Amino acid sequence: MKMLAIVKSKHNDNTMKIAEAMSEAAPLTVADLKDALYYNLNEYDVIGFGSGIYFGKHDEELFEFINKYCSHFTNTFVFSTSGSKNYKKNNSALVKLLESKNKTILGSFGCRGLDKFFIFALLGGINKNHPDTDDFDAAQQFIESIVNRYNQLKN
Ligand SMILES: Cc1cc2nc3c(=O)[nH]c(=O)nc-3n(C[C@H](O)[C@H](O)[C@H](O)COP(=O)(O)O)c2cc1C
């Protein structure tokens, strides 16, 4: 089984750290969004999409990438890091886009990430130690659950 995570992590590398933790627990290759077209997307059984949450949703470039290049595969997952804990809501716009393209969404994950946006910069940021070891553990459990769901669907 081969999985690819396509990541846009532009604020503090929070989401990239989560993707890298996932890659230690599963056969997952991590690609920065800017390099994603160097990968042959057809080779992967599952493709995940992750970024920080910026103004209530994933990075706009992820939406554009999916609209342009993601017609041919089925199994996906979604993840994010954010200042707030509204993970389900934060992931919902990207989940909806994938659903509208008839993708199977094997799961959706979120955790807090250091947020130094705007007024929070004055405080040195909020969620200062996140993602932390508990977040990495949760991300690894999540990616293991994605592998299990994929195997269940296949059998
Ligand atoms: C421009 C900007 C807008 C943001 N908007 C939100 C938001 O609407 N909701 C939220 O929970 N966090 C928001 N955040 C916080 C980020 O989602 C959080 O810091 C995230 O972990 C950044 O991920 P990254 O380091 O992978 O880019 C925002 C951060 C920035 C810089």
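Scroll up a little and you will see the structure.
No experiment lies behind these values; they were computed from the predicted model shown.

Engineer: Outline the pattern of salt bridges, supporting the account with residue identities and numerical values.
Structural biologist: Using the criterion set out here, one finds 5 salt bridges in the structure. Of the charged contacts, one joins Glu61 and Lys8 as a salt bridge, the two residues approaching to 3.0 Å between their closest N and O atoms. Remark: Lys8 occurs in strand β1 (residues 3-8) and Glu61 occurs in helix α2 (residues 60-69); sequence separation between them is 53 residues. Residue class for Glu61 comes out partly exposed when judged on its relative accessible area of 40%. Measuring nitrogen to oxygen at the nearest pair gives 2.8 Å for the salt bridge that ties Lys10 to Asp59. One end of the pair, Lys10, is in the loop between β1 and α1 (14-23); the other, Asp59, is in the loop between β3 (46-52) and α2, with 49 residues separating them in the sequence.

Engineer: Break down α2 for me, with residues and values.
Structural biologist: Residues that lie three or four places apart on an α-helix share one face, since the helix turns once every 3.6 residues. Taken residue by residue, α2 has Leu62, Phe63, Phe65 and Ile66 as its buried positions. Angular distribution of buried residues about the axis of α2 spans 160 degrees; they occupy a single face of the element. Residues of α2 that are buried sit in contact with β1, β3 and α3 (87-100). Regarding α2, its N-cap is Asp59, as a side-chain oxygen of that residue lies 2.9 Å from the backbone nitrogen of Glu61 further along.

Engineer: Describe α3, listing the residues and the values that go with them.
Structural biologist: Its 14 residues give α3 an end-to-end C-alpha distance of 20 Å, which sits within 8% of 20 Å, the value for a rise of 1.5 Å per residue. Where α3 bends most, at Ala93, the angle is about 40 degrees. Next to the buried residues of α3 lie β3, α2, β4 (75-82) and β5 (104-112). Two residues or fewer after α3 comes Asn102, characterised by a positive phi angle close to 60 degrees.

Engineer: Before we move on, can you summarise the site of the ligand with the specific residues and values?
Structural biologist: Taken together, 20 residues lie near the ligand, and Ser9, Thr15, Ile53, Tyr54 and Thr81 sit nearest. Here Asp13 contributes a backbone N or O atom positioned 3.1 Å from an oxygen atom of the ligand. At a separation of 2.8 Å, an oxygen atom of the ligand approaches a polar backbone atom of Gly56. When the residues that make up the shell around the ligand are grouped by side-chain class, the tally is 5 nonpolar, 12 polar and 3 charged.

So, how was this worked out
- Residues numbered from 1 in each chain as written.
- Predicted model: local features only at pLDDT ≥ 70, side-chain atom pairs only at ≥ 80, totals over all residues.
- Heavy atoms only, no water.
- Salt bridge = Lys/Arg side-chain N within 4 Å of Asp/Glu carboxyl O.
- Helix = DSSP H or I, 4+ residues; strand = E, 2+ residues; numbered from the N terminus.
- Buried < 20%, exposed > 50% of the residue type's maximum accessible area, 1.4 Å probe, protein only.
- Arc of directions from axis to C-beta.
- Contact = heavy atoms within 4.5 Å.
- Polar contact = N/O pair within 3.5 Å; in protein donor to acceptor, adjacent residues only side chain to side chain.
- Expected span 1.5 Å × (residues − 1).
- Bend = angle between axes of the 7 residues up to and from the residue.
- Near = heavy atom within 4 Å.
- Nonpolar A, V, L, I, M, F, W, Y, C, P; charged D, E, K, R; others polar.

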